[in-house]
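Structure at a glance
Spelled out, the chains give:
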Amino acid sequence: MRKAAIILIAFLCTVALLNRNAFKDDISNRTVVQGIGIDINDDETYTVTLETINTENYSNSDGSAKPVMNLRIVDGKTVSSAIKSAFSFDGKTPVLSQNRVIIIGKDLAEKGIIEALDFFIRDAENYPTVQVAAVEEKAADFFKNASDESSVVSRNIEKILLTSDEDIAVTSITLCELANRAESKGQAFYMPIVSTFKEKDKPEVKSNGTAVFRNGKYVCNLDDEETIALNFLCNNARKGAIDFYTDNGPAAISVIKSSTARSVDYSSDTPNFNVKIKIEADIAEASGGGGYNLSEGEVSTLNRNAEEKIENSVKSLCQKLYSVEKADAPGLSRLIYIYYPEKFRAAEKNLSEIMTESHYAVEVEMCIRRIGQDYSS
Amino acid sequence: MNSKISAFQFYSIMLLTRLLTTLTYTPKYTEEITVSDMILQTLFRFVFGIIIFIPVFMLNKKYGVDNQKGNGAFGKIKAVIFTAVFFYFSVSTLSRLELFAGTVIFPETDVKFLLLLVILFCAYGAYLGLESIGRSAVLFVTPVLLSLIVIGLALVKRIDWLNLSPLFYNGVLPVAKTALNAVGRTVEYAVIAVSLPFITGNAKKGFFIWMGVQTFITAVIFFFVGTVLGEFNKMQLFPVYTIASMAQFSFFRGLGAIITGAWILCAFLKISLLIFLQAKLISEAFGVKKITVIAVSGVLLAAVCLFISGNVDRFNIVDTSFVKFILILVSVPILAIAELIKERVAKCAKQQ
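On a predicted model such as this, the values are computed, not experimentally measured, just so you know.

1. What about the overall build of chain B?
Counting its regular elements, chain B contains 13 helices and 4 strands. The C-alpha atoms of chain B give 20 Å as radius of gyration, which agrees with the globular expectation for 352 residues (20 Å, within 12%). In chain B, buried positions account for 61% of the 352 residues. When contacts within chain B are restricted to residue pairs at least 6 apart in sequence, long-range pairs at least 24 apart make up 86% of them. When the accessible surface of chain B is totalled, it reaches about 13,800 Å², and 70% of it is carbon and sulfur. Computed over 30 positive and 16 negative side-chain charges, the inter-centroid distance for chain B is 10 Å.

Here is the structure:
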């Protein structure tokens, strides 16, 4: 046993040496990167914006506080050379492992993002769980508009995107998921759009719909309603509020739980996609207002109206994505690949035409769990 | 040096060392097959593994395990072949460790010092003997398996069933080829073939249990790699490390450090065992002192690994699956068949 203990100690010594930071510099000699924005210029060079934490001298000589965050904006022929050049002037070592988000500028989204992401996939310091989002301006301008020197914009964006589990109006995608979908057979992908707004003169960020990509290039935006439909279609919808109209005016439900089953079958050579959405929800706000007691018939009408609203949104999204934009962002063609491999093999070259001709049946089954009060008699 | 080891201790070592090969696999070994076939090929490996081991079992059944001890010219040739195989796999294991440390842990630091330190510890482990390595393995096997379970549980919510693929989408041949490559990377077959004389208890039953357990664990690991990463697994140098770094529960994030620990631990045991076996075989066949063989093997290992260190072309030469497959084929079934023939000829000659 003594000898086994010696081997254990030897092992622990080596593991201690294998600590990622064992041979690295002191924190003040390093620059912790929290967010990276990428833009492409007319001459095909990249502009990279790095949001970094100020790791030294928290106050100026006059005692006033120094900004918590710094922005570094640099150009380079490649993303990696731009990032390296951002730190060449102060000799600090960049720490990319703390990066929370990659922001894609509008021009780059239109020209294609896959090449620009190669560095993040290849470099071991970047985590595959880093969030990716798009902006409708240059990423550098976005960071400039969103920064207020006292908060970390990238962390705020990450927090918002991670609420996609709790908020059906928010989508999110990690670097790993994006690369997987871009490489997978027949798949396009989507990513959240983030934007800035002013709240009491203070810049804030918010999720603002979804951007859809095909072959790595931006093709269209989805608004909030379409984003909710996308989340239902992709079985990503969990919780959140949905507004809809009834004969008596606007109403809202609060989704408690949702699951989507997707399947495909064939009639002759055309695939039929069946989407069955099951929702458990509370009535958050009834038409007419005033907190009056709802009758059983009124609850049933609200239920039916909400089901129709979701069903129509999902159908219209399928129409938009498959017939107009020809982008399989929800990944339905993957079902053909898994369940009908021979048909997929035959259709692989003209998959977008096949998906356009396909039938999309959507069925929504909603169960109202609570109405906030008892039924009226 | 003549000490024996229980079947449980021995197969604990084998489980951990084979686990190392799975944890450190790179996608180039599975690039021809789809995600579901990656999981399925573990069953092919199981079958191929048993097939190549049949001659060893036949040899032991007919002439007993003591027959494995190196006597005469044949014994000397056998000792040299096995030593060469174990040395080659030691180099391959260490180079892979160096690639991992140099790529993932500290990419901007020279890891040669670490490499030398690992060799030193492993040589000492080999000097302590098989019993110590076996006891360490028994000590380590539970935490290693528990840590894998923790990582697996933390990854459950990241599973995407749509990442699975139809079975045999690219045909059966690529799946069989991938499984054969995996058999070639399993030096444990050679280790078991040469270690049978030192195992007490039911070594044959242990072999089948070990085959079943390691096949199951490998299939589960590939399941997580495939369903969590999808096509992204083919873009990663070490996909198992990647999924571990994606695992999170509560406030614990990036469990890659656990995999790193398990990896180093298994590497320690594997290299110590391989050096020990080289010393054992050479000292028995040629009467050289074991400490001398350990020292020579350690120095040679350091020299070769330092030569390969930091050069991906040299690493690829050492890591060739075909060479490994030939080495396993020669050292396990072919050598056993040759010995069966030799014994039969000797028996016939005696009868005449």
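2. Some words on the overall build of chain A
Scanning chain A for helices and strands turns up 12 helices and 13 strands. Within chain A, buried positions represent 50% of all 377 residues. Considering only contacts within chain A whose residues lie at least 6 apart along the sequence, 67% involve residues at least 24 apart.

3. Quick look at the packing of helix α3 (residues 72-105) of chain B against helix α11 (residues 290-308) of chain B
What describes two packed helices is the angle between their axes and the distance between those same axes. All names here are of chain B. It is the contact of α3 with α11, at a shortest axis distance of 10 Å, that shows an interaxial angle of 45 degrees. Taken as axis vectors, α3 and α11 run oblique relative to one another. The crossing of α3 and α11 is right-handed. Across from Phe87, Ser90, Val91, Leu94 and Ser95 in α3, the residues of α11 making contact are Ser297, Leu300, Leu301, Val304, Cys305 and Ile308. Per-class residue counts for the contact of α3 with α11 are 8 nonpolar, 3 polar and no charged.

4. Structural notes on helix α4 (residues 114-122) of chain A
Those residues of α4 of chain A that sit buried are Ala116, Leu117, Phe119, Phe120 and Ile121 of chain A. Buried residues along α4 of chain A sit against β1 (30-40), β2 (46-53), α2 (79-85), β5 (101-104), α3 (106-111) and α7 (175-183) of chain A.

5. Points about the pattern of salt bridges
For the structure on display, the rule yields 20 salt bridges over all chains. When the shortest N-O distance is used, the salt bridge between Lys309 of chain A and Glu225 of chain A registers 3.5 Å. Separated by 84 residues along the polypeptide, Lys309 of chain A in helix α9 (residues 296-324) and Glu225 of chain A in helix α8 (residues 224-233) bring together distant segments of the chain. With relative accessibility at 21%, the residue Lys309 of chain A sits in the partly exposed group. What emerges from the salt-bridge pattern is a single network uniting Lys28, Arg96, Asp319 and Lys324 of chain B.

6. Re helix α5 (residues 139-146) of chain A
Listed in full, the buried residues belonging to α5 of chain A are Ala139, Ala140, Phe142, Phe143 and Ala146 of chain A. Projected down its long axis, α5 of chain A shows its buried positions confined to an angular sector of 160 degrees, all on one face.

7. A closer look at the side chain of Asn303 of chain A
Residue and element names in this part refer to chain A. Among the secondary structure elements, Asn303 is positioned in helix α9. Overall, the relative accessible area of 16% leaves Asn303 in the buried class. Once you skip the residues sitting within four places of it in the chain, Asn303 turns out to touch Met366 and Ile368.

8. Quick word on the domain arrangement of chain A
Many authors give the size of an interface as the accessible area that is lost as the parts come together. Residues and elements named next belong to chain A. The domain boundaries assigned to chain A delineate domain 1 (23-222) and domain 2 (223-377). With centres defined by C-alpha atoms, the gap from domain 1 to domain 2 works out at 32 Å. Tallying the contact residues gives 25 residues for domain 1 and 32 residues for domain 2. Carbon and sulfur atoms supply 58% of the area buried between domain 1 and domain 2, which totals about 2,100 Å² over both sides.

9. Comments concerning the side chain of Thr227 of chain B
Residue and element names in this part refer to chain B. When you line up the elements, Thr227 lands in helix α8 (residues 203-229). From its side chain, Thr227 meets the backbone oxygen of Phe223 in a polar contact 2.7 Å long. Residues contacting Thr227, with those up to four places away along its chain left out, are Val35, Arg158, Ile159, Asp160, Asn163 and Leu164.

10. Quick notes on unusual backbone geometry
Of note in this structure, Asn235 of chain A is not a glycine but carries a positive phi near 60 degrees. Turning to its location among the elements, Asn235 of chain A is positioned in the loop between α8 and β10 (240-246). Of the residues examined, Asn235 of chain A reaches a relative accessible area of 28% and is grouped as partly exposed. Phi is positive for Phe168 of chain B, which is not a glycine, with a value near 55 degrees.

11. As for the state of the cysteines
Cysteine pairs can be covalently joined through their sulfur atoms, and such a bond is termed a disulfide. Residue and element names in this part refer to chain A. Taken as a whole and judged by the stated rule, the model has 0 disulfides over all chains. Between Cys176, a free cysteine, and Cys234, which holds the nearest cysteine sulfur, the sulfur-to-sulfur gap is 16 Å. Free of any disulfide, Cys318 has its nearest neighbouring cysteine sulfur in Cys234, separated by 9.5 Å.

12. A closer look at a nonpolar patch on the surface
A contiguous nonpolar surface patch, about 350 Å² in accessible area, is contributed by Val47, Ile51, Ile54 and Met58 of chain B. Tracing the chain through its elements places Ile51 of chain B in helix α2 (residues 35-63).

13. Examining the packing of helix α7 (residues 188-195) of chain B against α8 of chain B
Residues and elements named next belong to chain B. α8 packs onto α7 with a crossing angle of 165 degrees between their chain directions and a minimal axis gap of 13 Å. What the angle tells us is that α7 and α8 run roughly antiparallel. For the pair α7 and α8, the crossing hand works out as right-handed. Here α7 contributes Glu188, Tyr189 and Ile192 to the contact with α8, which in turn contributes Phe207, Trp210, Met211 and Gln214. A breakdown of the residues in the contact of α7 with α8 according to their chemical character gives 5 nonpolar, 1 polar and 1 charged.

14. A look at the environment of Val101 of chain A
Mapping Val101 of chain A onto the fold places it in strand β5. Excluding residues within four positions of it along the chain, Val101 of chain A makes contact with Gln34, Gly35, Ile36, Val130, Gln131, Ser154 and Ile157 of chain A.

15. Details of the nonpolar core
Counting residues in hydrophobic clusters, the biggest one holds 162 residues, and the most contacted among them are Ile83, Phe120 and Met191 of chain A together with Phe86, Tyr189 and Phe207 of chain B. When residues of this core are assigned to their parent elements, the largest contribution, 19 residues, is made by helix α10 (residues 256-286) of chain B. Setting aside its immediate chain neighbours within four residues, Phe86 of chain B contacts Val187, Ala190, Val191, Val194, Leu274, Leu277, Gln278 and Leu281 of chain B.

16. Overview of the sheet that holds strand β11 (residues 249-267) of chain A
Residue and element names in this part refer to chain A. Spatial strand order, β10-β11-β12-β13: 4 strands in an open sheet with mixed pairing. The open sheet is flanked by β10 and β13 (359-370), the only strands paired with a single partner. The sheet shows a mean angle of 40 degrees between the axes of neighbouring strands, taken without regard to direction. The sheet contact formed by strand β12 (residues 270-285) and β13 spans 11 bridges and is parallel. Bridging across to β13, Ile279 finds its partner in Met366. Contacts between α8 and the sheet are confined to β10, β11 and β12, with β11 contributing the most and set at about 45 degrees to the helix. Across the sheet, α9 lies against β10, β11, β12 and β13, angled at about 150 degrees from β13, the strand it touches most.

What counts and how
Residues numbered from 1 in each chain as written. Chains lettered and ligands numbered in written order. Predicted model: local features only at pLDDT ≥ 70, side-chain atom pairs only at ≥ 80, totals over all residues. Heavy atoms only, no water. Helix = DSSP H or I, 4+ residues; strand = E, 2+ residues; numbered from the N terminus. Rg over C-alpha atoms; globule rule 2.2 N^0.38 Å. Buried < 20%, exposed > 50% of the residue type's maximum accessible area, 1.4 Å probe, protein only. Contact = heavy atoms within 4.5 Å. Areas by Shrake-Rupley, 256 points an atom, 1.4 Å probe, with all protein chains shown as cover. Lys, Arg positive; Asp, Glu negative; His and termini not counted. Charge placed at Lys NZ, Arg CZ, Asp CG, Glu CD. Axes fitted to C-alpha atoms, helices over the stretch in contact; angles between N-to-C directions. Parallel < 35°, antiparallel > 145°, perpendicular 65-115°, else oblique. Left-handed = near helix turned anticlockwise from the far one by under 90°. Nonpolar A, V, L, I, M, F, W, Y, C, P; charged D, E, K, R; others polar. Salt bridge = Lys/Arg side-chain N within 4 Å of Asp/Glu carboxyl O. Arc of directions from axis to C-beta. Domains from an automatic or database assignment. Buried area = accessible area lost by both parts, 1.4 Å probe. Polar contact = N/O pair within 3.5 Å; in protein donor to acceptor, adjacent residues only side chain to side chain. Disulfide = S-S within 2.5 Å. Patch = residues over 30% accessible without salt bridge, like charges linked within 9 Å, V, L, I, M, F, W, Y side chains within 5 Å. Core = buried A, V, L, I, M, F, W, Y, C linked by side-chain atoms within 4.5 Å. Pairing = 2+ DSSP bridges.

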